[in-house]
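Results of the structural survey
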Amino acid sequence: IAPLVRDRGPLARWRLLGDCEIHEPGAPLVRDTQAATALARQLCSLSRPLEFARLPVESPIIAALRKEASAYGTLIVRDTDPCPFLALDASWSEPEARFSSRRRTDFRRAQRKAEALGEVRYAMHRPTPAEFDSLFAEAIAVEARSWKRAAGSAILCDPAKERFFRSYLRACAERGETRIAEARIDGTMVAMQLAVAWRGRYWLYKIGFDEDFAKCSPGTLLMLHALGEAAREGLSGFEMMGEADSWISDFWTRDAHRYVRLRFYPRSLAGLAGLALDGFGWARTKLSRRAPPERS
């Protein structure tokens, strides 16, 4: 199964549903090597270019396409943004102990600052469908009170993204998989996480905190609480999703899953046009990196 979509226009290429919308990893579903080969042949028979933006390096479709693509066109596979994660075990039930004494001091200092503002409470909700909408609305409102609104990346800034996450997480709630973590000060939600517990791992989709409480680092304190909750639930991994930004690699983890960006150009007019267009873009980027700085 490969859920493909494309935009309108003669140069539009096929891509995996969600690649552009949420920029999270994804891959076709295949039962075994034989199924991967059959799917690869179908993908190679498309008349337009094909792109998988963040494909796991262990996906069997990569080897299948490498085997089949030469008879149909040109295949290009390159490394792309990795995804950070933490491997959990029972020792993470008390997550503070997993960090250096300096980090533990930072956690305690942030907790004291939060307590100076009022009563601090943390919770990890497993909402039922009936409970979901009110918690979800409160959580995305918190995210919108951060820098993400100005950057345009908050869920509330994009009605289509809001509909997607509301529908997806509500469906997960029907199976008991949705997790909404929160930190409150005097009853006001000041930090949140939207996540799913699936196949023994905690998949973190969205985080946010209220900028008015930034001095007590509520997002950091909630992350610490969520790590402990995930470990106590018996989950084996904490998937941070997104990209390996410096605030994650410097503070939480440097472990990351590898992904590749795969592009296939069939021997067709659209395929040749796509290859030429992308080739020009790659060359321009390479030259701009080599260009000497301008002198004033």
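A brief report on the enclosed structure follows. (Residues numbered from 1 in each chain as written. Predicted model: local features only at pLDDT ≥ 70, side-chain atom pairs only at ≥ 80, totals over all residues. Heavy atoms only, no water.)

**Notes on helix 7 (residues 159–174)**
Quick reminder of the rule: Every helix listed is a DSSP run of H or I at least four residues long, and every strand listed is a run of E at least two residues long, numbered separately from the N terminus. Every helix has an expected span of 1.5 Å times one less than the residues it contains. Here the term buried applies to any residue with accessible area under 20% of the maximum for its type, exposed to any over 50%, and partly exposed to those in between, with areas from a 1.4 Å probe on protein chains only. The arc in question is traced by the directions running from the helix axis to the C-beta atoms. Note on contacts: a residue pair qualifies if any of its non-hydrogen atoms lie within 4.5 Å across the two residues. Pairing of N or O atoms within 3.5 Å defines a polar contact, subject to two protein rules: one partner must be a possible hydrogen donor and the other a possible acceptor, and residues neighboring in sequence count only if both atoms are side-chain atoms.
A rise of 1.5 Å per residue sets the reference length of helix 7, with its 16 residues, at 22 Å; its end C-alpha atoms lie 23 Å apart and thus fit the reference within 8%. Inspection of helix 7 places Lys161, Glu162, Phe165, Leu169, Cys172 and Ala173 among the buried residues, and these make up the whole buried set. Each buried residue of helix 7 sits inside an arc of 105° when the element is viewed along its axis, so together they form one side. Structural note: helix 7 exposes Pro159, Arg163 and Glu174 on the side pointing more than 90 degrees away from its buried face. In this structure, the buried residues of helix 7 make contact with helix 1 (19–22), helix 5 (129–143), strand 6 (178–185), strand 7 (188–198) and strand 8 (201–209). For helix 7, the N-terminal cap is aspartate 158; the gap from its side-chain oxygen to the backbone nitrogen of alanine 160 is 3.1 Å.

**Brief notes about unusual backbone geometry**
Unusually for a residue other than glycine, aspartate 186 sits at a positive phi of about 50°. Classification of aspartate 186 as exposed rests on a relative accessible area of 51%. The backbone of methionine 241 shows a phi angle near 60°, a positive value even though the residue is not glycine. Within the secondary structure layout, methionine 241 lies in the loop between strand 9 (237–239) and helix 9 (246–249).

**Concerning the sheet that holds strand 3 (residues 50–56)**
How we decide: DSSP-based pairing: two strands are paired if at least 2 bridges between them are found. Lines are fitted to the C-alpha atoms to define the axes, a helix being fitted only along its stretch in contact, and any angle between axes, read from their N-to-C directions, falls within 0 to 180 degrees.
The strand order across the open sheet built from 10 strands is 1-2-3-10-4-9-8-7-6-5, with neighbouring strands paired in mixed fashion. Each edge of the sheet is formed by a strand with only one pairing partner; in this case those strands are strand 1 (4–5) and strand 5 (120–125). When strand 4 (residues 73–87) meets strand 10 (residues 256–266), the two strands line up antiparallel, connected through 10 bridges. Across the sheet, threonine 74 pairs through a bridge with tyrosine 265, a residue of strand 10. Of the strands in this sheet, strand 5, strand 6, strand 7 and strand 8 touch helix 5, which is tilted by about 120° from strand 7.

**Let's talk about the pairing of strand 6**
The buried count for strand 6 comes to 8 of 8 residues, which makes it a mostly enclosed element. As paired strands, strand 5 and strand 6 are joined by 6 bridges and run antiparallel to one another. What sits directly across from tyrosine 122, in strand 6, is alanine 183. Bridging between strand 6 and strand 7 involves 8 bridges; their strand directions are antiparallel. Across the sheet, residue alanine 183 finds its bridge partner in strand 7, namely alanine 191. Counting the residues that bridge the hairpin from strand 6 to strand 7 gives 2 residues, and of these aspartate 186 lies at a positive phi of roughly 50°.

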